[in-house]
Amino acid sequence: MNIDYSQFLNMIPEVTLMALLVIVFIADFATSQRAVIPTSNGEANSSSRAWFNPLVCLLMAAHIVINIFPTTASVAFGGMYYTNPSVGVIKTILALGALIVLIQSREWIQRPDTQFKEGEFYILIASTLLGMNMMVSANHFLLFFLGLEMASIPMACLVGLDKYRHNSAESAAKFVLTAAFSSGIMLYGISFIYGAMGTLYFDDIAAKITATPLTIMGMVFFFSGLGFKISLVPFHFWTADTYQGAPTTITGYLSVVSKGAAAFALCSILIKVFGPMVEYWQYMLFIVVVLSITIANLFAIRQRDLKRFMAFSSISQAGYIVLAIVGNSAMSYTTLSFYVLVYVVANMAVFSVISSIEEHNNGTVDMESYNGLYKTNPKLAFLMTIALFSLGGIPPFAGMFSKFFVFMSAVKGASLSTTSGVLAYSVVFIALINTVISLYYYLLIVKAMYIKPNEKPLPWFKSANSTKLALAICTAGIIMFGVFSMVYSWIDSASIASM
Amino acid sequence: MSILTLFVVIPVLMLVGLWLAKNDNQVRGVMVVGASALLGLAIWLTITFIQMRHAGNTELMLFTYSTPWFAPLNIAYSVGVDGISVVMLLLSAVIVFTGTFASWQLEPMKKEYFLWFVLLSIGVFGFFISTDLFTMFMFYEVALIPMYLLIGVWGTGPKEYAAMKLTLMLMGGSALLILGILGIYYFSGATTMNINEIAALHNIPVAVQKVFFPFIFIGFGVLGALFPFHTWSPDGHASAPTAVSMLHAGVLMKLGGYGCFRIAMYLLPEAAQQLSWIFLVLTTCSVVYGALAACVQTDLKYINAYSSVSHCGMVLFALCMMTQTAITGAVLQMLSHGLMTALFFACIGMIYHRAGTRDVRYLGGLMKVLPFLSVSYVIAGLANLGLPGFSGFVAEMTIFVGSFQNADTFHRVCTIIACTSIVVTAVYILRVVGKILFQKVPNKKFFELHDATWDERLAIGGLIFCVAGLGLFPLWASNVISGAVAPIINHIMSTTAAAL
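Note that the structure is a prediction, hence the values are computed from the model and not measured. (Residues numbered from 1 in each chain as written. Chains lettered and ligands numbered in written order. Predicted model: local features only at pLDDT ≥ 70, side-chain atom pairs only at ≥ 80, totals over all residues.)

**Things to note about the overall build of chain B**
Helices and strands together make up the secondary structure of chain B, namely 20 helices and two strands. For 500 residues, the compact-globule formula gives about 23 Å, and the C-alpha radius of gyration of chain B, at 21 Å, lands near that figure. With 500 residues in all, chain B has 62% of them scored as buried. The contacts of chain B with a sequence gap of at least 6 include a subset with a gap of at least 24, amounting to 80%. (Helix = DSSP H or I, 4+ residues; strand = E, 2+ residues; numbered from the N terminus. Rg over C-alpha atoms; globule rule 2.2 N^0.38 Å. Buried ≥ 20, exposed ≤ 12 C-beta atoms within 10 Å, placed from the backbone. Contact = placed C-beta atoms within 7 Å.)

Here it is, written out as structure tokens:
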């Protein structure tokens, strides 16, 4: 059988990412030396490959630049794969997140005890990203599932990258188990849908799906599987432990990029495939959103470990992301992508600061070590404040804009004479009240940094240039994405062109 | 580009200047230049506005400018001013200017303090010039959050608690606002978020209006110290540093009244008509309760904070009366209360800075040792209790005359109850003045205190000038304001007549 190779032109993002992966693999293979067992006194490894991280970052930047121009809608490989401008946009956003992760990881990955895994780290990041690209581009449940697995399994390796650390290994085990479990549930749901519809192509299903008990069951199981990935309540139990144990850089990656990809996939599948069953999944989303936001917020208040804290914060943010889907229109894609983009920069800024402080504070990430940080490290504390304000939805930072737009999307077209309309407004109201709760716990960190007295605050340290670069990108994003509307318009035009 | 944008651009430039400033003197220099520029701009705007009105320009808003911002969502950056915004801008500029001098000697971290202070003023100015729902709301929130750090870092007393309480309550209010704004935008069917255009469309169903009116009114009311959502105010004001109390009580609380009028009542007129009685009861409570609570406080700042609850309650009270005279009085009261409460907080802050206590029981005989500050305090007090010749009298007189124009028993009873606050105000003001200024000096150390320095005299002198100026020559302000109130109140009333 002959394959029409020109079809690959439709999937340039995947091709360039694959090229990146291969180049990194060869470079790693060609220059790696025998693994050096980390010495206890932590002396620098003489064979350090200083060029490696910049190379990967440049390749990733090139990948973004090549793919930043909007693609046209097209289908390839017999309808298995599709792409359109809004898919192109979310792929760019995910790649941007990965780029920030790569830049920011330099300080950590070039440490003597992790340095010999540098090549693997880049390859794993690239392959998870490839999996996510497949996932959002899938037009068939099988390809979707393959993409999802391709994103999860390397992710488990990443979580366990510090395998000599007990925590990291434990959280990797938890991640593998929940990932396998959720995949199982999702497959079960997909099998129901296949049983009812006799096809796995999205377009075919969308054309004839109706709400029968079987399809509803299928949808719910499918949703549960994705709910694990996005870590929505009540599928969130793995989140805190995994986030805490994983290397901080990976936690950042897990909390923004992986979550963003799954949320976009959920959005497009619910709207496209299960569109006719909107009244069923809307109610489901209402419940899940309210639970995610509220419960995660209440748990976050009590956390003292900053990574656990950010885990609960990310669960509640996931609730806001999913809230965008409720509106069921082109605006849902726009506001969701925009929210993910803003969330990527804000959360990565926070994780860059956490990781940087962790490196200079013997690996502790509890909130006490932030007491009085402003006195000794004012710039770092200030950037952290900006990022937290953005997460909490305070203007003029981008977070307020993305939140407001998500709310606009959620109640778009809702009328007060229908139950679902009243529910939409009520859910937005609950979400709004929760923004106040979330502000409370974000302010706790601000309070620690600015107000809490500390006899022995963390002494001043100079951040690595890579961390500075990552923070600069994030801060620029936090300030620009809100005040300047170009980015939103760019995403919106893509979404409208895709409908 | 409209000239009004300068009200945002100048503070942004000030932020940049502060960021670059190397030492305290440069910080002060940036602040003085920026605050003077703002004050000059506000005065120029007021004069030009009055001239344009005299020249017969009867458009609803002057200096309008609009450019799409988030075009897909119909969000625009649109600005414009009418008489109400003009006087509010003038008030804000005066308070920012005097607040700069009141925090001249603030320590530590002067630079950071002024950074947040200027960010707050960006929010305030932006709020008053905006005519777009989203833009206005964004500026509103910009004005709220710096308070947390300003109180938390530079405050006194239980500052962490006060800062958190204030921030969360005000953000809770703004959460209600978001919902109200979404409701107004979607149910008006408008393709714009411009307030004037939504008002002109006027097609929000009455049932929907009644749902969203409380959200907006309470949302703004929290900031305007609406009973029972006022509890952040005493704690917040008591813990805040001097200039922040001035700016917050003087200007920020006015955002509440302004928003209630401009958004809640203007855009949801039928609901305002039908539901105003609920808020009338609440605001009457605010007025009387605030005054009575002030009587039993012993901390000077708490006394003034409760007095602010009472006076800001008066603003909302007058709005709920919905006659042109009463609402003109409400805006006058915003102006007058802004100036005199800033004066009050400035005096209290300076006394506290010297004496080391704000407790009435441990203060006394200050007239002998701090004559300048004491005289200023007396003036502030007299203005507060509504002595003719000061701004307070003009405002309260207008409010009560306007309120009494409502012929029905309910409104008249509320008016009479609210009037009693005037007497109660006199009680707590005179009691405190007598106790802390005129008795024996209880503490030998007080004899070593120094009176106000030049920067403090400048701040206080400026405020006294404004308070007395407004009290002696109220007509220009009253004309400017009532010219702006008339079209809005006509809109509210006429549409109701049609709907009934």
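After that view of the structure, there is still more to cover.
**Some points on the overall build of chain A**
Scanning chain A from N- to C-terminus turns up 19 helices and two strands. Burial analysis of chain A (499 residues in total) assigns 59% to the buried set.

**Thoughts on the packing of helix H13 (residues 300-321) of chain B against helix H17 (residues 391-404) of chain B**
Residues and elements named next belong to chain B. Taken N-terminus to C-terminus, the directions of H13 and H17 make an angle of 30 degrees; their axes are 9 Å apart at the nearest point. In terms of orientation, H13 and H17 fall into the roughly parallel class. Between H13 and H17 lies a crossing of left-handed hand. Where H13 approaches H17, its residues Met314, Ala318 and Met321 are matched on the opposing element by Ile399, Gly402 and Ser403. In terms of residue class, the contact of H13 with H17 is made up of four nonpolar, two polar and no charged. (Axes fitted to C-alpha atoms, helices over the stretch in contact; angles between N-to-C directions. Parallel < 35°, antiparallel > 145°, perpendicular 65-115°, else oblique. Left-handed = near helix turned anticlockwise from the far one by under 90°. Nonpolar A, V, L, I, M, F, W, Y, C, P; charged D, E, K, R; others polar.)

**A word on unusual backbone geometry**
A cis geometry characterises the amide bond from Val233 of chain A onward to Pro234 of chain A, with omega recorded as 10 degrees. In this structure, Pro234 of chain A sits in the loop between helix H8 (213-230) and helix H9 (237-245). The omega angle of the peptide bond from Phe227 of chain B to Pro228 of chain B is 0 degrees, so this bond is cis rather than trans. Mapped onto the elements of the fold, Pro228 of chain B is located in the loop between helix H9 (206-223) and helix H10 (232-239). Phi is positive for Asn328 of chain A, close to 55 degrees, though the residue is something other than glycine. Inspection of the secondary structure assignment puts Asn328 of chain A in the loop between helix H12 (306-323) and helix H13 (330-359). By the C-beta count within 10 Å, which is 19 here, Asn328 of chain A ends up partly exposed. Unlike most non-glycine residues, His202 of chain B shows phi in positive territory, near 50 degrees. Tracing the sequence through the fold places His202 of chain B in the loop between helix H8 (195-201) and H9. The class for His202 of chain B is partly exposed, based on 15 C-beta atoms found within 10 Å.

**Focus: the packing of H13 of chain A against helix H16 (residues 398-411) of chain A**
All names here are of chain A. For the pair H13 and H16, interaxial distance at closest approach is 9 Å and the crossing angle is 155 degrees. The angle between the axes of H13 and H16 places the two elements in the roughly antiparallel class. Judged by the sense of rotation from one axis to the other, the crossing of H13 with H16 is left-handed. Contacts from Met331, Ser332, Thr335, Phe338, Tyr339, Val342 and Ala346 in H13 reach Ala398, Gly399, Ser402, Phe405, Val406 and Ser409 in H16.

**Details of the interface of chain A and chain B**
By a widely used convention, the size of an interface equals the accessible area lost when the partners come together. At the interface, 28 residues of chain A touch 26 residues of chain B. Elements with a minimum of two residues in the side of chain A that touches chain B: H16, helix H17 (419-450) and helix H19 (486-498) of chain A. Sorting elements by how many residues they give to the side of chain A that touches chain B places H17 of chain A first, with 12 residues. Residues of the side of chain A that touches chain B, tallied by class, amount to 23 nonpolar, three polar and two charged.

**Brief notes about helix H3 (residues 83-102) of chain B**
For H3 of chain B, with 20 residues, the first-to-last C-alpha span of 28 Å sits near the 28 Å given by 1.5 Å per residue. Among the 20 residues that make up H3 of chain B, 20 are buried, leaving the element largely enclosed by the rest of the structure. (Expected span 1.5 Å × (residues − 1).)

**Section: the environment of Met277 of chain A**
Tracing the chain through its elements places Met277 of chain A in the loop between helix H10 (248-273) and helix H11 (278-301). Among all residues touching Met277 of chain A, those that are not within four sequence positions of it are Ile209, Ala211, Thr215 and Met219 of chain A.

**Some points on the pairing of strand S1 (residues 62-70) of chain B**
All names here are of chain B. Here six bridges tie S1 to strand S2 (residues 75-81), and the two strands are oriented antiparallel to one another. Residue pairing across strands places Phe70 opposite Ile75, the latter belonging to S2. Between S1 and S2, which pair antiparallel one after the other, the connecting turn spans four residues, and Asn74 there sits at a positive phi close to 60 degrees. (Pairing = 2+ DSSP bridges.)

**Details of the pairing of S2 of chain B**
For S2 of chain B, a buried count of seven out of seven residues is recorded, marking the element as mostly surrounded by other parts of the structure. On S2 of chain B, burial covers both faces: Ile75, Tyr77, Val79 and Val81 of chain B on one face and Ala76, Ser78 and Gly80 of chain B on the other are all buried.

**Points about the environment of Cys295 of chain B**
Residue and element names in this part refer to chain B. Within the fold, Cys295 resides in helix H12 (residues 269-295). Spatially, the C-alpha atoms of Cys295 and Ser307 are 9.1 Å apart, while their sequence positions differ by 12 residues. Beyond its immediate chain neighbours, meaning those up to four positions away, Cys295 contacts Val424, Val427 and Tyr428.

**What to know about the environment of Pro442 of chain B**
Residue and element names in this part refer to chain B. As for its position among the elements, Pro442 is in the loop between helix H18 (409-438) and helix H19 (454-472). For Pro442, a count of 13 C-beta atoms within 10 Å puts it in the partly exposed group. In this structure, the C-alpha to C-alpha distance between Pro442 and Tyr362, residues 80 residues apart in sequence, is 6.9 Å. Not counting residues within four places of it along the chain, the set of residues in contact with Pro442 comprises Tyr362 and Gly364.

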